[in-house]
Each structure stands twice: as structure tokens, then as C-alpha cells.
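Descriptive analysis of the structure
Read off the chains here:
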Amino acid sequence: MAQTYERTPEAVERLTPRQRAVTQGDATEPPFENEFWDSKEPGIYVDVVSGEPLFASVHKFDSHTGWPSFTIPLEPGNVVEHSDTSYGMVRTELRSAHGDSHLGHLFPDGPADAGGMRYCINSASLRFIAAEDLETEGYGQYAHLFDAAPGPAASGGGVA
């Protein structure tokens, strides 16, 4: 049976103040002062609210911006793009499809050899599931990504 992902009042209630500000209030956490900006551990990242799979470490790269950056989503249907004109800029906001959590923004300055896009994500919107825990956490369908897979790319990307 396929897993169902949804935003529940209980899941929102469990959020830390920073997670709530980011996912529910569209805030941005400080660069270089967030949990996953420099993490290289193999695994996947899911929405902290709904649990829907969003990104994988095999698509993560060091953008030198201080936020976790990915070249593509793990499940493209779980990452929704919206126009964001806040702060006098035109950007593409990223939200989770089922949890409606604010994730971050999309920029066209990612590694050219990987499509050129940078999914710049707030750590506070993510829960990390280590590769060795995928089966027990219910995400075993992604374990194949880490069978003798190389680590995340060492460099790339531009500025936020």
C-alpha cells in the first residue's frame, strides 16, 4: 500500500519555533547556521511536517551559500513551485505538495552538468533519514540510491 503524506495539526504542533517560522511562516533561516548546510551523510530528506520524500543526498552539492542545495528533487511531484515577489525580488518559491511547507527557493545557478538548477532549501523544513534507516523508517524504495553510490558533489552553484 502506498504511503499517504499529509499535514496534520499534530505534526504542526510538534514543530520547533524555527521549524514553525520557516514551514508555516515562510521565514528563511540564517546561512551557515542550520542543521544540514554542510552535511554529507548519505540518505534522504523529507518534509518535516508531512514526511513526503523531497531530496536525496546523492543530488546535494556545496553551493557555498550556507543552505542545503540540491540539483533535482527526489520526487518532483512533491515539490511545488510558486512565484514569490517578496522583498522586491522575483523568485521561485518551493513548497511541499502535501504538507504545504515552505521549503526555500529555486535558482538557475546550479551545476551546469547537472541541469543548472539550485534547489536552495531551509534545513528547518527537512527531516533527514540516513541511508541505513530507510527500510525501518518506511522509505525502503529509495535504498537503491545508496548502493555503492558516490557521495554528494563537492562544489558548484552560485550565490543566494
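Residues numbered from 1 in each chain as written. Predicted model: local features only at pLDDT ≥ 70, side-chain atom pairs only at ≥ 80, totals over all residues. Heavy atoms only, no water.

Generally speaking, a soluble globular protein has its nonpolar side chains buried in company with each other. If you look at the biggest cluster of nonpolar residues, it comprises 14 residues, and the most contacted ones within it are Y45, F55, V79, L94, Y119 and I121. Broken down by secondary-structure element, the contributors of at least two residues to this core are β2 (53–56), β7 (102–107), β8 (118–121) and β9 (126–130). Per-element accounting of this core gives the leading share, 3 residues, to β9. Every residue in contact with V79, bar those within four places of it in the chain, is listed here: L54, F55, P73, L94, R95, L103 and Y119. (Core = buried A, V, L, I, M, F, W, Y, C linked by side-chain atoms within 4.5 Å. Buried < 20%, exposed > 50% of the residue type's maximum accessible area, 1.4 Å probe, protein only. Helix = DSSP H or I, 4+ residues; strand = E, 2+ residues; numbered from the N terminus. Contact = heavy atoms within 4.5 Å.)

What follows deals with the confidence of the model for the protein chain. Residues at a pLDDT of 70 or more form 91% of the protein chain, whose mean pLDDT is 92. Contacts of residues 153–160 to residues separated by more than four positions or lying in other chains number 28 contacts, the stretch itself having pLDDT below 50. (pLDDT = per-residue confidence, 0-100.)

Across a sheet, strands are paired by hydrogen bonds formed along the backbone, either parallel or antiparallel in direction. With antiparallel pairing, 6 strands are arranged side by side in an open sheet as β3-β4-β8-β7-β6-β5. The open sheet has two free edges, formed respectively by β3 (60–61) and β5 (79–84), since each of these has just one partner strand. Sheet analysis places β3 next to strand β4 (residues 69–70), joined by 2 bridges and oriented antiparallel. Bridging across to β4, F61 finds its partner in S69. (Pairing = 2+ DSSP bridges.)

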